[in-house]
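Residue-level structure breakdown
The lines below spell out each chain.
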Amino acid sequence: NSSRFGKFIRIKFNSMGLLAGASIETYLLEKSRVVHIGSGERNYHAYYQLLAAAAAGDPGIPADAGMAGMTKEQFNLVNGSGCYTLRSVDDYEEFKENRKALETIGVNPEEIQNVWRVLAMILHLGNVEFSPKPGEEDHVICSQTAALAAVTDILRPSQENGVALAL
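The model shown is predicted, which means the values in this text are computed figures rather than measured ones.

Here the focus is the pairing of strand S3 (residues 130-133). Relative to strand S4 (residues 136-142), S3 runs antiparallel, the two sharing four bridges. What sits directly across from Ser 131, in S4, is Ile 141. The antiparallel pairing of S3 with S4 creates a hairpin that spans two residues between the two strands, and Gly 135 there sits at a positive phi of about 85°.

It is worth spelling out the pattern of salt bridges at this point. Counted by the stated rule, this structure contains five salt bridges. When the shortest N-O distance is used, the salt bridge between Arg 42 and Asp 91 registers 2.9 Å. Residue Arg 42 is found in the loop between helix H1 (31-35) and helix H2 (45-55), and its partner Asp 91 is found in helix H4 (residues 91-104); the two are separated by 49 residues along the sequence. A salt bridge links Glu 136 to Lys 133; its shortest N-O distance comes to 3.7 Å.

Structurally, the position occupied by Lys 72 is in the loop between H2 and helix H3 (76-79). Within the buried set, Lys 72 has no salt-bridge partner at all; the shortest N-O distance to an opposite charge, 4.3 Å, is to Asp 91. In contact with Lys 72, not counting residues within four places along its chain, are Tyr 48, Leu 51, Val 78, Asn 79, Tyr 84, Thr 85 and Asp 91.

Attention shifts here to the packing of H2 against H4. Where H2 contacts H4, the axes come no closer than 8 Å and their chain directions differ by 100°. By the angle between their directions, the pair H2 and H4 is classed as roughly perpendicular. For the pair H2 and H4, contact is made by Tyr 48, Gln 49, Leu 50, Ala 52 and Ala 53 and by Asp 91, Tyr 92, Glu 94, Phe 95 and Asn 98, respectively. Here the contact of H2 with H4 is built from residues that sort into six nonpolar, two polar and two charged.

A large share of H2 lies buried, amounting to eight of its 11 residues. If you check which residues of H2 are buried, you get Tyr 47, Tyr 48, Gln 49, Leu 50, Leu 51, Ala 52, Ala 53 and Ala 54. Lining the buried residues of H2 we find H3, H4 and helix H5 (109-125). Looking at the residues trailing H2, positive phi occurs at Gly 57, about 75°.

So, on to the confidence of the model for the chain. Should pLDDT be low for a region, the predicted coordinates there are not to be read in detail. Per-chain confidence: the chain averages 83 in pLDDT, with 86% of residues scoring 70 or above. Within the chain, the element-level pLDDT minimum falls on helix H7 (residues 162-166), averaging 42, and the maximum on H4, averaging 95. Scored below 50 in pLDDT, residues 161-167 makes six contacts in the model with residues more than four places away or belonging to other chains.

Before going further, it helps to examine the nonpolar core. Counting residues in each nonpolar core, the largest one holds 22 residues, and the members touching the most others are Tyr 47, Leu 50, Ile 61, Met 67, Val 78, Trp 116 and Leu 123. Elements supplying a minimum of two residues to this core: H2, H3, H5 and helix H6 (145-155). Those residues in contact with Met 67 that sit more than four places away from it in its chain are Leu 50, Leu 51, Ala 54, Ile 61, Phe 75, Ala 120, Leu 123 and His 124.

What counts and how
- Residues numbered from 1 in each chain as written.
- Predicted model: local features only at pLDDT ≥ 70, side-chain atom pairs only at ≥ 80, totals over all residues.
- Heavy atoms only, no water.
- Pairing = 2+ DSSP bridges.
- Helix = DSSP H or I, 4+ residues; strand = E, 2+ residues; numbered from the N terminus.
- Salt bridge = Lys/Arg side-chain N within 4 Å of Asp/Glu carboxyl O.
- Buried < 20%, exposed > 50% of the residue type's maximum accessible area, 1.4 Å probe, protein only.
- Lys, Arg positive; Asp, Glu negative; His and termini not counted.
- Contact = heavy atoms within 4.5 Å.
- Axes fitted to C-alpha atoms, helices over the stretch in contact; angles between N-to-C directions.
- Parallel < 35°, antiparallel > 145°, perpendicular 65-115°, else oblique.
- Nonpolar A, V, L, I, M, F, W, Y, C, P; charged D, E, K, R; others polar.
- pLDDT = per-residue confidence, 0-100.
- Core = buried A, V, L, I, M, F, W, Y, C linked by side-chain atoms within 4.5 Å.

In structure tokens, the structure reads:
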């Protein structure tokens, strides 16, 4: 079943930004890892990189991403295992390398900020909780409105750009 597998493609560029090589790694996708991580494991590296950049006050993190003052411990998608760092990995340096790679392949700054916004929304959505609506077993209510408000703030288009930007 192809939906159970993913591919990680590492593209290498030389100092002039020209393609220098590539490698492809196939891996098994585990749905359970999306919302639950095992003890001592980490979730997707991009989450930790974004959180490290936000903690460092990186000016490239959009203010509307809702990351200011947030810590790794506050996000359900990364706090389940208690493993936040790896000895051999500097998440902030990895973040900066990923941003530079995006710039090198021609992704414009606004699109890069949108990537950080999407990652932030995923982290915030991981904190949304639902509980049964009293007296109505086929309905639920959101019991974590702060996380939902953060996502709404990220999605809210500015007055200058309107709905076109949101789309």
